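# Per-entry structural report
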Amino acid sequence: RDHMPNSMRPAKPLERRPTIKDVARQAGLSLSTVSLVMNQSGYVRDETRTRVLNIVKELGYHPSRVARGLASKTSGNIGFILSDDHFSSAEPFYTRIFLGSEFEARNHNFYILLTTVSGKNGSVGTIPRFLLEGNVDGVLIAGKISVKLVEYIERLGLPLVLIDYELPGKRFSSVLIDNRKGAHLAVQHLAHLGHNRIAFIAGDIRHPSIAERLKAYQETLQELGLPLDERLVVTSEPDTRIENGNAAAITLFTQGGDPTAVFAANDAMAIGCMQYAKKRGLRIPEDLAIVGFDDIESATHVEPPLTTVRVFKEEMGTLAMQRMVSAVKSKTKTIVNTYVPVELIVRSSTQKHQPTIPQSSYEGGVR
């Protein structure tokens, strides 16, 4: 039950660290009512909630996470796991996802505990300390990690949300990219520019997102009536970094596919392909058009700027954290799969294809 405050005088900051009792006393409310406001649970009238939050701000009160955890039997922490291969300045895709989840966590008074693990898929590997200590209320996983580690987390009974990753035969909430739509947009764009020798380069083909992009590439070529030439596909690289794009481009041109355009599985590989093409003396986009996927920041800094499929990375992190907060607070295991839409961003690495006419088809310069 709410009570009117004994005094309408503005709150004064305390010399000692303020407590929830100070907030309740200043607001003229019960401890339970203030607790409901601080924990964002139960029904409290809007004017009461506003009064409490104003006093919290004026007093400079910060709830003790330990005390809150004892009361709610939660830690207030969310674990965030990704492969150490994915957490790098060279390929900052997952870094942006992490930032999106971090910003959203603040809105719900959760902390994120970030750790990286080995990308190898064979064993559990090193168990993150926050799991061993039981110090998280749920776990977000971005990208591909060991299946056995996922199963370990599953056995702990913690809420789990996968980001840009799926596991066949397992049912977890996930936030996924519309990879098929993105690949369709990329291939269709190149075809509409007049390219009919469109190559695909990729690495880490066991990653569900990469595999989906390959499948959609093949399906879109068939829909458009363009040839499916195995010499135009390179998926043998173990990773999707810039150096892998360079190596894949070498393989592509060595095996004689003679592409006029390349769709790369991600921007890093597209940039690597671009580097090789320039060393080979090819002009971009006149001799070779290139499209990437992800729209990382460096896509705008290369020359020419890279046409790519934009993925809303921060939004993926935000949605994943929202799913997690809902699961932690409701203590339910509702499975929700969300596909984040994509957008084709056309820049200078693609243009209308102008077929080169062989010199032998001319006589005296006249066709």
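Refer to the structure above for everything that follows.
Scope of this entry: the structure provided in the associated data block. (Residues numbered from 1 in each chain as written. Predicted model: local features only at pLDDT ≥ 70, side-chain atom pairs only at ≥ 80, totals over all residues. Heavy atoms only, no water.)

## Some details on unusual backbone geometry
Residues I284 and P285 are joined by a peptide bond in cis, for which omega reads 10 degrees. Its location among the elements puts P285 in the loop between α11 (267-279) and β9 (289-291). Here the bond from E303 into P304 is cis, since omega is 0 degrees, no more than 30 degrees from zero. With respect to the helices and strands, P304 occurs in the loop between β9 and β10 (308-311). Phi is positive for D258, which is not a glycine, with a value near 55 degrees. If you trace the backbone, D258 turns up in the loop between α10 (242-254) and β8 (261-264). (Helix = DSSP H or I, 4+ residues; strand = E, 2+ residues; numbered from the N terminus.)

## Details of the environment of I163
Turning to its location among the elements, I163 is positioned in strand β4 (residues 160-163). Placed 20 residues apart in sequence, I163 and G143 show a C-alpha to C-alpha distance of 6.1 Å. Residue contacts for I163: discarding those within four places in its chain leaves F80, I97, L140, I141, A142, G143, V175, M316 and A320. (Contact = heavy atoms within 4.5 Å.)

## Looking at the sheet that holds strand β11 (residues 337-340)
Across the sheet, which stays open at both edges, the 6 strands sit in the order β2-β1-β3-β4-β5-β11 with parallel pairing between neighbours. Each edge of the open sheet is held by one strand with a lone partner, namely β2 (111-117) and β11. Direction aside, neighbouring strands of the sheet carry axes that sit 15 degrees apart on average. In this sheet, strand β5 (residues 173-177) lies alongside β4 in parallel orientation, the contact comprising 3 bridges. Residue pairing across strands places V161 opposite S173, the latter belonging to β5. Against the sheet, helix α5 (residues 93-107) contacts β1 (77-83), β2, β3 (138-142), β4 and β5, and its axis sits at roughly 160 degrees relative to β2. (Pairing = 2+ DSSP bridges. Axes fitted to C-alpha atoms, helices over the stretch in contact; angles between N-to-C directions.)

## Overview of the packing of aromatic side chains
Going through the model one piece at a time under the given rule, you end up with 6 aromatic pairs. For the pair F200 and F263, a centre-to-centre distance of 5.5 Å together with 55 degrees between the ring planes defines the contact as tilted. On the criterion of sequence distance, the pair formed by F200 in strand β6 (residues 198-203) and F263 in strand β8 is long-range, its members being 63 residues apart. For F263, a relative accessible area of 0% puts it in the buried group. Look at F263 and F293: their rings are 6.4 Å apart centre to centre, the planes differ by 40 degrees, and that puts the pair in the tilted class. On the criterion of sequence distance, the pair formed by F263 in strand β8 and F293 in the loop between β9 and β10 is long-range, its members being 30 residues apart. The same class applies to F263 as to F293, namely buried. Every member of this aromatic cluster is reached through a ring pair, and the members are F200, Y217, F263 and F293. (Phe/Tyr/Trp six-rings, centres within 6.5 Å; stacked < 30°, edge-to-face > 60°. Buried < 20%, exposed > 50% of the residue type's maximum accessible area, 1.4 Å probe, protein only.)

## Re the environment of R171
Following the sequence through the fold, R171 ends up in the loop between β4 and β5. Looking at R171, the relative accessible area reads 63%, which means it is exposed. Residues R171 and L160, 11 residues apart in the sequence, show an inter-C-alpha distance of 9.9 Å.

## Some details on the sheet that holds β9
Strand pairing within a sheet occurs via backbone hydrogen bonds; the two strands may be parallel or antiparallel. The 4 strands lie next to each other as β7-β6-β8-β9, forming an open sheet whose pairing is parallel. Strands with a single pairing partner mark the edges of an open sheet, and in this sheet they are β7 (233-237) and β9. Strand-to-strand, the axes of this sheet are offset by a mean angle of 20 degrees, without reference to chain direction. Here β8 pairs with β9 via 3 bridges, running parallel. Residue pairing in the sheet places F263 in a bridge with V291 of β9. Helix α9 (residues 208-224) rests against β6, β7 and β8 of the sheet, and its axis sits at about 170 degrees to β6.

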